[in-house]
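# Residue-level structural notes
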Amino acid sequence: QVQLVESGGGSVQAGGSLRLSCVASGFTVINSCMGWFRQAPGKEREGVAYIDNGATTYADSVKGRFTVSRDNAKNTLYLQMNILKPEDTGMYYCARRSIWFYAPCPGTVNEYNYWGQGTQVTVSS
């Protein structure tokens, strides 16, 4: 059974850092296109960082500040978030792209079929 469990969210001041974790079960993250997404109230869910076969992709808004990585032995995905800004506030989700898409990672948000419950990140100015 596929399951994704995020943790590590919280409230921080602008300029601070948080490290999010996503523990996966039922599959191995090394064989999957994985993504971190966020959603603020009233806004659409947006992809912020992706990882697949060692390659990473970032949204322009977080490039240079966020780093996505994975620990294959622990089957865990991470998102290191530095120099946080108030606009980074939102619910952050870990997700796995469907294995039936053969185009390169990251694809689009509707191609991700397994999602965690989310962890809240709040950045105050």
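A brief report on the enclosed structure follows.

What follows covers the packing of aromatic side chains. Counted under the stated rule, the structure contains six aromatic pairs. Between Tyr50 and Tyr112, the aromatic rings sit 6.0 Å apart at their centres with planes inclined by 40°, giving tilted as the arrangement. Highlighted residues: Tyr50 in strand 5 (residues 46–52) and Tyr112 in strand 10 (residues 112–115), separated in sequence by 62 residues. As far as the burial class goes, Tyr50 and Tyr112 line up, both buried. Ring-pair connections join several aromatic residues into one group, and the members of that group are Phe37, Tyr50, Tyr93, Tyr112 and Trp115. Sitting over the ring of Tyr93, Arg45 keeps its end group 4.0 Å from the ring centre. Above the ring of Trp115, the side-chain terminus of Arg45 is found at 4.6 Å from the ring centroid.

Our next topic: the state of the cysteines. If you walk through the whole model with that rule in mind, you get two disulfides. The disulfide partner of Cys22 is Cys94, and the gap between their sulfur atoms is 2.1 Å. Its S-S torsion of about -75° marks the bond between Cys22 and Cys94 as left-handed, since a negative value means left-handed. One end of the pair, Cys22, is in strand 3 (residues 18–25); the other, Cys94, is in strand 9 (residues 90–97), and 72 residues separate them in sequence. Like Cys22, the residue Cys94 is buried in the burial classification. Each sulfur in the disulfide pair Cys33 and Cys105 lies 1.9 Å from the other.

Reading the values: the criteria
- Residues numbered from 1 in each chain as written.
- Predicted model: local features only at pLDDT ≥ 70, side-chain atom pairs only at ≥ 80, totals over all residues.
- Heavy atoms only, no water.
- Phe/Tyr/Trp six-rings, centres within 6.5 Å; stacked < 30°, edge-to-face > 60°.
- Helix = DSSP H or I, 4+ residues; strand = E, 2+ residues; numbered from the N terminus.
- Buried < 20%, exposed > 50% of the residue type's maximum accessible area, 1.4 Å probe, protein only.
- Lys NZ or Arg CZ within 6 Å of the ring centre and 35° of its normal.
- Disulfide = S-S within 2.5 Å.

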